[in-house]
Amino acid sequence: MRTLSTARVEWVRFFRDRIAMFSTIAMPIVVVLLIGLSFGGAGDRLGVGVLAPAPGPLGQQFLSALERSPGLEVTTYADTRDLYRDIRMGLLSGGVEVPPDGQAVRIDVPQTSQDYGPLVAAVNGVVAQVGTRAIAVQVLSAYVPQAKAEQAAAAAEASVPSLEVTTRTVGAVSAMDANRFGSAVPSQLMLFMFLNGLIAAAALVQARELGVFRRTLAAPQGLRVYLGGLGASRFGIAMLQAAILLGLGVLSFRIDLGAPSAWVPLVVVYGVICAAAGMLLGAIVRTPGQAVAVAIPMGIVFGMLGGTMWPLSVVSPVMRAIGHFTPQAWAMDAWNLIINEGSGFATRQMAVLLVYAVVLSVLALWALGRHARTGR
Amino acid sequence: MWRHVWLIARLGVRRSLRDRSILIMALVAPIAIAVVVGAAFGGGASVSATIGVANEDRSDISAQIAQSLTNAGGDGIAFATVSEPAQIDALLDAGTYDAVLVLPAGLGDAVLTGDAADLEVVGRAAEPLATSIAQSVAQGVAANLQTARVTAAAATTAGLPDVGAAVQKAVETQSPIAVDQGQVQGTFSVMAYFAPGMAMLFLFFVIGEGARSIVAERREGTLQRILAGPVSPSAVLLGKTAQVMIVGVVSMSVVWLITWLAFGASWGDPLGVFLVIVAAVAAIAGISLFITGIARTENQADALTTMVALLFAILGGTFFYGAAGPLVTMQKFTPNGQALAAFVELSAAQATVVEIAPRILLLLGIGIGMAAVGLLTMRNKVLA
Amino acid sequence: MLEVDGLVRRFGEHTAVDGVSFRIAQGETYGLLGPNGAGKTTTINMIAGLLTPDAGEVRLLDEPLTGDRKSLIGLVPQDIALYPDLSAVENLEFFGRLQNLSGPRLKQRVAEVLEVVGLTDRGKDHIDTYSGGMKRRANIAVGLLHEPALLILDEPTVGVDPQSRNSILESVSALGGAGMAVLYTTHYMEEAQRLCDRVGIIDAGRLIAEGTPEELVAQLGEQATVRFRLNAAPDAQRAWAEVLRTMPDVAAVQESGDRVSVMTTHGPAFIAPAVTAAREAGVGVAGVEVTEPDLEAVFLHLTGKALRD
């Protein structure tokens, strides 16, 4: 079949282009690794920065209790400048400044924060742990000499059993969060399939500039064969990208992808969307430079709006609604259903994605056909 | 010669500004992306937890504890009484509470007798943060109760006449550690992080094209025409370098001014910001000239530019910040990472120009060094 | 005015220019005539200072051509060396300023050269909207802008439509007539014959003949060129060409595809015996053309090759 041989030519061209191979295959892997290694395991404690240049004995007690607090993740700072910087950036929920004994401990909260309650509650919980013996001594000293009070208090502390806090949890952790690469692999795959699909538009524009398109009109069914082959090769490259990244995720990182009957159609339809989007872009822009100039920002913006760079659950409902104009958002919704809720085929999302795929493919073929016939 | 340098630079700048794809990449893209990020995260991350208090014990002590907890809520944390302790699991599943603090039956008695006892926290696996906060609160409660018990035991040992009064006093005494709350003045705009990061990513492409124009003009013949006149090769090379510097500094400054003045995202002390912009552009220009110098064909230069731009952007922290681990080290080795660190110092740490001077000098050094190598190779290759 | 002495230039193993020397006097139009690959552009580039010669010297008005003295030369290169995304006026103003023209004088010169090449109406349009011929004319305009003492044109009519070609040749002719020294390279014999006061014939890096067109043609004596268009198998054609070579007063026989060119003093009288021989060799003759001696013939005579492939 001539379509397949056209596809094969494009396929070979891709493999000869080492840079394209790098950005299509290696780059997503690098990003997944970085995300997984840098961000895995966060989110179960409040980050707090501690500044304690010269704590007294009481302060030391407080600091060790702070480290042991289950609700706080403590980072030590050497000066207020870095501490305040990280608080302003939102890297910390707040700061705790521990002066020498006798002065008040200061909880620093960000200027814009409306919700420092949890932080204060956790710190207050720690404060309570430190005072036990001192308060007992203080109360007793009103009645008996200091030394005797201290002796009694020490003995009491040693003998009275402590009140423990036991914990049990209900429900299960979402599968995506259980594995530090679990959400990075599907999201970055969606991002890079689209980004690389769009950048491939540049190569398409070059073919236009070289007049290859118009020449295909000379052969019988020439244009159809050429476009078919082109689309097939782009789709094939997207599938290769998916196979490598997902394969790596499952085999090396042991992530859970859910039921294959659910995610395979998802990846296939999304691959068609990316190939068609790239071909449509290639038909619209006029120079390879323009193609890259539009492809990269568009890939990033769609990736952001669609929830591949951060989950849409953290943004406002308005942004979430805007995001659902992108196919990425629907794809990420589908991944969530398939992986976290084990729901099998995500019917509604797949229907929407199918519509995207069909519309984009039709537009791409129409635009390229028009160019071949009219040169515009 | 300097007149020729200026003429060549001026023509190059004019042609660049007329090129729509350059305008898109240098101005529209970074601003658009920064706006999207700003819209997504402008409100700042919020934490909130609703913690249920289940009193399975019917003593005065537990009633007192439950009362003080439900009064103690603050911004972002709320305590509510669980009406049906038997339904705790179901209520957690339904999301009515993020975690539940249980005062188990027999707690009050144990407190008075000095026996061992537990407080229980029940959390949702999907809400680890609320669970751990509830644990901290429970530890606080346990600590307060323990203070009373220890005081009681010590009072008994010391032979105090009225142990109850002593306990009461212990409960009323403030912790030796006083706690103050303060606000950290000054805000940080997420836009002010993403705008320069994205601007730098795209500048690699924009400046790359400018650097490559030296080779492109050789192919088109205009370079020879210039050299056939009374113009020295050095003037051409310096002119092109000036061209890319001007385009880079102007476009990044426009991104800065628009995100600052129109969207309220301050990047920090203006003098410092401008110097970092110049230094960052110098580094990017140097790398682009280096790439153009060592590449064998224009296509190779183009491809190398794309790869370097994306790699440096990802490693330099353009797409996310606040990471721990290997990323932090890698960031230091990219010009993007160094520049973003300087920008963060200016905007979030409210640093002065003097404090970021080392980074500025480092970026300038990279720029000048790589530009020198690139220009020298180009001089030999292109202008023979 | 221009002295070129013993220019040599090698590219690796290949010697592109091998000891070329010539002079151009004030107001003279000198043609460098030769086929593609003869070394014309390389010679030009060395004269314009774009390539350093491996040996030899170039002097204009008794001084070497360096630095500011390069303003004495106007170069019209073979490529369209213009910025396509700028207008002709913008291109002219840029290159003019590089040549140290400025202000009202620059504007005046720009208007003047556009007039000379006939592009005044389209001056504000971008170069990429021009036809091939218009681009070449704009190319020439830039070369003229700074009123050079010597104008160098490197194959200025390649790929140009006949109308534009004619107008280019007329402009160059007018410039020569007005007293400008011109160095004109081409592989079109008619142009050299029409425009040039003197012609240097160059092949494989060497200047093999020099003189006025009349002097050069006179070397051929009475020789005319008879061109046969054939209808024959290659073997038969070759055999017949061999026969022709043996015939009396035949100076050279050259085959090119289905054409055979013969240089002979007999001229028209040669046709009959040649056709007879053709019939005997089984070669069909489709057409015959006799041309009086010209520079193409001179080249053929000197090198046994054609000027054009």
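Residues numbered from 1 in each chain as written. Chains lettered and ligands numbered in written order. Predicted model: local features only at pLDDT ≥ 70, side-chain atom pairs only at ≥ 80, totals over all residues. Heavy atoms only, no water.

Colleague: Describe the overall build of chain B, listing the residues and the values that go with them.
Modeller: Assigned secondary structure in chain B consists of 15 helices and five strands. On C-alpha atoms alone, chain B measures out to a radius of gyration of 32 Å, which is more than a quarter above the 21 Å that the 2.2 N^0.38 rule sets for 384 residues. In chain B, buried positions account for 55% of the 384 residues. Long-range contacts, defined here as pairs at least 24 residues apart, represent 74% of the contacts in chain B between residues at least 6 apart. As presented, chain B carries roughly 14900 Å² of accessible surface, and 60% of it is formed by carbon and sulfur atoms. Of the side chains in chain B, 20 bear a positive and 25 a negative charge, and the two mean positions are spaced by 35 Å. (Helix = DSSP H or I, 4+ residues; strand = E, 2+ residues; numbered from the N terminus. Rg over C-alpha atoms; globule rule 2.2 N^0.38 Å. Buried < 20%, exposed > 50% of the residue type's maximum accessible area, 1.4 Å probe, protein only. Contact = heavy atoms within 4.5 Å. Areas by Shrake-Rupley, 256 points an atom, 1.4 Å probe, with all protein chains shown as cover. Lys, Arg positive; Asp, Glu negative; His and termini not counted. Charge placed at Lys NZ, Arg CZ, Asp CG, Glu CD.)

Colleague: Before we move on, could you go through the domain arrangement of chain C and cite the residues and values that matter?
Modeller: Domain annotation of chain C identifies domain 1 (2–212) and domain 2 (222–292). Computed from C-alpha atoms alone, the centre-to-centre distance between domain 1 of chain C and domain 2 of chain C is 39 Å. (Domains from an automatic or database assignment.)

Colleague: Got a sec to walk through the side chain of Ser-233 of chain A? Specific residues and values, please.
Modeller: Residues and elements named next belong to chain A. Here Ser-233 shows up in helix α11 (residues 222–251). Exposure remark for Ser-233: the relative accessible area of 1% places this residue in the buried category. Setting aside its immediate chain neighbours within four residues, Ser-233 contacts Ala-7, Glu-10 and Trp-11.

Colleague: Requested: an account of the confidence of the model for chain C, with residues and values cited.
Modeller: Residue and element names in this part refer to chain C. Residues at a pLDDT of 70 or more form 97% of chain C, whose mean pLDDT is 85. By mean pLDDT, the top-scoring element of chain C is helix α2 (residues 88–98) (93), and the lowest-scoring one is helix α10 (residues 295–303) (76). In the model output, the complex is listed with pTM 0.82 alongside ipTM 0.84. (pLDDT = per-residue confidence, 0-100.)

Colleague: So what's going on with the environment of Ala-262 of chain B? Residues and values would help.
Modeller: By secondary structure assignment, the location of Ala-262 of chain B is in helix α10 (residues 233–262). Considered as a pair, Ala-262 of chain B and Thr-96 of chain B are 166 residues apart in the sequence and their alpha carbons are 42 Å apart.

Colleague: I'd like a description of the sheet that holds strand β13 (residues 259–264) of chain C, backed by residues and values.
Modeller: All names here are of chain C. Across the sheet, which stays open at both edges, the four strands sit in the order β12-β13-β11-β14 with antiparallel pairing between neighbours. With one partner strand each, in any of the chains shown, β12 (250–256) and β14 (284–291) form the two edges of the open sheet. The mean inter-strand angle of the sheet, taken between neighbouring strand axes irrespective of direction, is 20°. Pairing of strand β11 (residues 224–231) with β14, which is carried by seven bridges, proceeds in the antiparallel orientation. Following the sheet pairing, Leu-230 is matched in β14 by Val-285. Taken strand by strand, helix α8 (residues 234–246) contacts β11, β12 and β13, and its axis lies near 165° from that of β12. (Pairing = 2+ DSSP bridges. Axes fitted to C-alpha atoms, helices over the stretch in contact; angles between N-to-C directions.)

Colleague: Give me the pairing of β12 of chain C: which residues, what numbers.
Modeller: Successive residues of a regular strand alternate their side chains across the two faces of the sheet. Residue and element names in this part refer to chain C. As judged from the six bridges shared by β12 and β13, these two strands associate in the antiparallel manner. Of the residues in β13, the one forming a bridge with Val-250 is Thr-264. Here β12 hands over to β13 after two residues, with Gly-257 in that stretch at a positive phi of 65°.

Colleague: I'd like a rundown of the packing of helix α3 (residues 57–68) of chain A against helix α5 (residues 117–130) of chain A, residues and numbers included.
Modeller: Residue and element names in this part refer to chain A. One way to put it is that α3 packs onto α5 with a least axis distance of 9 Å and a crossing angle of 130°. Of the possible angle classes, the one that applies to α3 and α5 is oblique. Note that α3 runs across α5; the crossing there is right-handed. Seen from α3, the contacting residues are Leu-58, Gln-61, Phe-62, Ala-65 and Leu-66; seen from α5, they are Val-123, Val-126, Val-127, Gln-129 and Val-130. Looking at the contact of α3 with α5 residue by residue, the class counts come to eight nonpolar, two polar and no charged. (Parallel < 35°, antiparallel > 145°, perpendicular 65-115°, else oblique. Left-handed = near helix turned anticlockwise from the far one by under 90°. Nonpolar A, V, L, I, M, F, W, Y, C, P; charged D, E, K, R; others polar.)

Colleague: Let's hear about the interface of chain C and chain B: which residues, and what values?
Modeller: Listed by partner, the interface residues are 29 residues for chain C and 22 residues for chain B. Carbon and sulfur atoms supply 57% of the area buried between chain C and chain B, which totals about 2200 Å² over both sides. Looking at the side of chain C facing chain B, the largest losses of area belong to Leu-50, Tyr-83 and Leu-98 of chain C, adding up to 27% of the total buried there. At the junction of chain C with chain B, the criterion picks out three salt bridges. Between Arg-15 of chain B and Asp-85 of chain C there is a salt bridge; the shortest N-O distance is 2.9 Å. One can count twelve residue pairs in polar contact (both at pLDDT 80 or more) joining chain C with chain B. Taken together, the elements giving at least two residues each to the side of chain C that touches chain B come down to α2 and α4 (132–144) of chain C. A per-element tally of the side of chain C that touches chain B places α2 of chain C first, with five residues. Counted by class, the side of chain C that touches chain B contains 16 nonpolar, seven polar and six charged residues. (Buried area = accessible area lost by both parts, 1.4 Å probe. Salt bridge = Lys/Arg side-chain N within 4 Å of Asp/Glu carboxyl O. Polar contact = N/O pair within 3.5 Å; in protein donor to acceptor, adjacent residues only side chain to side chain.)

Colleague: Can you tell me about the environment of Ala-280 of chain B, naming the residues and giving the values?
Modeller: Residues and elements named next belong to chain B. The residue Ala-280 is located in helix α11 (residues 270–294) in this model. The exposure class of Ala-280 is buried, given its relative accessible area of 1%. For the pair Ala-280 and Gln-243, spaced 37 residues apart in the sequence, the C-alpha separation amounts to 15 Å.

Colleague: Break down the pattern of salt bridges for me, with residues and values.
Modeller: Side chains that carry opposite charge are capable of pairing whenever their charged atoms lie near each other. If you walk through the whole model with that rule in mind, you get 35 salt bridges over all chains. For the salt bridge of Arg-198 of chain C with Glu-28 of chain C, the shortest nitrogen-to-oxygen distance reads 2.5 Å. A residue pair is termed long-range when its members are at least 10 positions apart, and Arg-198 of chain C in strand β9 (residues 198–203) and Glu-28 of chain C in the loop between β2 (14–24) and β3 (29–33) qualify at 170 residues. With a relative accessible area of 10%, Glu-28 of chain C lands in the buried category. The partner of Arg-59 of chain C in a salt bridge is Glu-57 of chain C, with the nearest N and O atoms 3.5 Å apart. Using a relative accessible area of 24% as the deciding quantity, one classes Arg-59 of chain C as partly exposed. One network of salt bridges, with partners in common, ties together Arg-81, Asp-82, Arg-85 and Asp-86 of chain A together with Glu-345 and Glu-355 of chain B.

Colleague: How would you summarise the sheet that holds strand β10 (residues 206–211) of chain C if you had to cite specific residues and measurements?
Modeller: All names here are of chain C. The sheet built from six strands is open, its strands ordered β6-β7-β8-β3-β9-β10 with mixed pairing. Edge strands, defined here as strands with exactly one partner in the open sheet, are β6 (73–76) and β10. Here the strands of the sheet are splayed against their neighbours by 15° on average, with no regard to which way each runs. In the sheet, β3 pairs with β9 via four bridges, with the strands oriented parallel. Among the inter-strand pairings, Gly-31 is bridged to a residue of β9, identified as Val-199. This element, helix α1 (residues 40–47), spans β3, β6, β7 (150–154), β8 (181–186) and β9 of the sheet and lies at about 150° to β8. Packing of α10 onto the sheet brings it into contact with β3, β9 and β10, and relative to β9 it is tilted by some 40°.

Colleague: Give a detailed account of the nonpolar core, specifying residues and quantitative values.
Modeller: Nonpolar side chains in soluble globular proteins tend to be buried together. With 149 residues, the main nonpolar core has Met-193 and Trp-335 of chain A together with Leu-201 and Phe-202 of chain B as its most contacted residues. Trp-335 of chain A has contacts with Met-176, Pro-186, Met-190, Leu-246, Leu-257, Trp-263, Leu-266, Val-267 and Asn-340 of chain A, leaving out every residue within four places of it along the chain. Of all hydrophobic cores here, the second largest spans 96 residues; its members include Leu-223, Val-231 and Val-236 of chain B together with Leu-183 of chain C. (Core = buried A, V, L, I, M, F, W, Y, C linked by side-chain atoms within 4.5 Å.)

Colleague: So what's going on with a nonpolar patch on the surface? Residues and values would help.
Modeller: Residue and element names in this part refer to chain A. On the surface, Val-355, Val-359, Leu-363 and Trp-366 cluster together into a nonpolar patch covering about 380 Å² of accessible area. You can see Leu-363 is positioned in helix α16 (residues 347–374). The class for Leu-363 is partly exposed, based on a relative accessible area of 37%. (Patch = residues over 30% accessible without salt bridge, like charges linked within 9 Å, V, L, I, M, F, W, Y side chains within 5 Å.)

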